[in-house]
Amino acid sequence: MTTMYISPPKKTLSETFEEISKSPSLIPELGEFLIANTPHGSSVATCDELNRLLTGIKLAAKVVNRELSKAGLADILGAAGIENVQGEQQQKLDVFANDKFIQALANREVVCGICSEELDEFIPVNPNSKYLILMDPLDGSSNIDVNVSVGTIFSILRRKTPVGTMPEISDFLQPGRSQLCAGYVLYGSSTQLVVTTGNGVQGFTLDPSLGTFYLSHPELKFPSSASVYSCNEGNWLAFPKGVKEFIDWCHDDEKGMRRPLSLRYIGSLVSDFHRNLLQGGIYLYPPTKKDRRGKLRLLYEANPMAMIAEQAGGMAVDGFNPILDIQPSSLHERVPLFTGSKVLVGQLMKMMKELSPEENMGLNPGIEK
């Protein structure tokens, strides 16, 4: 007699999360989650390679987290005495984090090239790999000395040049829509890793006793209501007129709107973005009279955060156009960034587009390169 086995129907993500909530012992680890939820259109082999790549990121993040937790005791605070390619003073932990992430990723030979905000040029690694990683190893490092939350931002691309050859600069200069995966690590009261592979945004929290990232924030979405705006208003006088009008709009207590919005600004992109993702809000880093192209890096900061924002139901724009549609022209290109809840970003875009380029400091929908 032949015995027939009938496989149970595959659960949807919502059904899986409902089951997890009823039994904490079922909470998946990051690698388990990726294997169980292969990105849309990806093969099992691709999922395995992504898992190996993210394992390197997890390892480096845990090492950086350990050093940050004892930053007040060890000699790792303060400036390193050198400048990065942008002419900014590197902190000792900038250098430490950059080295650890490069080591963790290069040793696994799962990437063909690595590009970091802290390096002049990209690093070729394994010609037989088809993935590239771009990263800001320690975002918000100027806050380290005062014990404020910082983070790591990363972006994963598929190379354009043939596997078996060394990567070229053109591999890295791809629009944000080409990203295969993007995420960030937040080093705060708990250490959290937020990631998207193009199928929603998931948040994982590090259990320090086990050294494992467990799913803690499934299917992250910007709330329908928003109550916070985040920007450095100390640069108010240098902002474009459209941004000034938007901030005035945030202050206005108009009937029927949840305003005035509260100003909350940490000065660390990861920290400000994460709060707004959970509570609803907008992050603004406008161009100024001094920095007309903005200050944030397109490849290492704006693109990965924009992918996460869109996957979480939000928006990310340069004031006129989606960040993810910008064609990069250099490894360290800068760009204005406005990202967060869709209703707020949409309102800002509307106000910017209603003004002439001259009123917005010469900016236009194409953003002059």
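Remember, predicted model here, so these are calculated numbers, not experimental data. (Residues numbered from 1 in each chain as written. Predicted model: local features only at pLDDT ≥ 70, side-chain atom pairs only at ≥ 80, totals over all residues. Heavy atoms only, no water.)

Before going further, it helps to examine the nonpolar core. By size, the foremost hydrophobic cluster in this structure holds 40 residues, and its most contacted members are Leu53, Ile57, Phe101, Ile133, Leu138, Phe154 and Tyr187. Looking at this core element by element, the count peaks at 9 residues for helix 3 (residues 44-69). Excluding its chain neighbours within four sequence positions, the residues that come into contact with Leu53 are Leu105, Val110, Val111, Tyr131, Ile133 and Ile156. Counting residues in hydrophobic clusters, the runner-up holds 28 residues, among them Tyr184, Leu186, Phe222 and Ile326. (Core = buried A, V, L, I, M, F, W, Y, C linked by side-chain atoms within 4.5 Å. Buried < 20%, exposed > 50% of the residue type's maximum accessible area, 1.4 Å probe, protein only. Helix = DSSP H or I, 4+ residues; strand = E, 2+ residues; numbered from the N terminus. Contact = heavy atoms within 4.5 Å.)

Even without glycine at this site, Glu109 takes up a positive phi of about 50 degrees. In this fold, Glu109 is placed in the loop between helix 4 (92-108) and strand 3 (113-116). Phi at Glu219 is positive, roughly 50 degrees, even though this residue is not glycine. Relative to the elements of secondary structure, Glu219 occurs in the loop between strand 10 (212-217) and strand 11 (228-230). Owing to a relative accessible area of 28%, Glu219 belongs among the partly exposed residues under this scheme.

Pairing is mixed in the open sheet, where 8 strands are placed in the order 4-3-5-6-7-8-9-10. Where the open sheet ends on each side, the last strands, each with one partner, are strand 4 (123-124) and strand 10. Two strands pair when backbone bridges link them, and strand 7 (residues 181-187) and strand 8 (residues 191-196) are joined in this way by 6 bridges, in the antiparallel orientation. Among the inter-strand pairings, Tyr187 is bridged to a residue of strand 8, identified as Thr191. (Pairing = 2+ DSSP bridges.)

Before going further, it helps to spend a moment on the confidence of the model for the chain. For any part of a model where pLDDT is low, the fine detail of the predicted coordinates should not be relied upon. A residue-level look at the chain finds 82% of positions with pLDDT of 70 or above and a mean pLDDT of 85. Between residues 1-8, whose pLDDT stays under 50, and residues either more than four places distant or in other chains, the model counts 0 contacts. (pLDDT = per-residue confidence, 0-100.)

Taken across its 7 residues, strand 9 (residues 201-207) has 6 buried, putting it largely inside the fold. Two elements, strand 8 and strand 9, share 5 bridges in a ladder whose sense is antiparallel. Residue pairing for strand 9: Leu193 is matched across the bridge by Phe204. Adjacent in sequence and paired antiparallel, strand 8 and strand 9 are bridged by 4 residues, among which Gly198 carries a positive phi angle near 90 degrees. Note: strand 9 against strand 10, 5 bridges, orientation antiparallel. Bridge assignment links Gly203 to a residue of strand 10, and that residue is His217. Counting the residues between successive antiparallel strands, the hairpin from strand 9 to strand 10 contains 4 residues, one of them, Gly211, with a positive phi of roughly 70 degrees.

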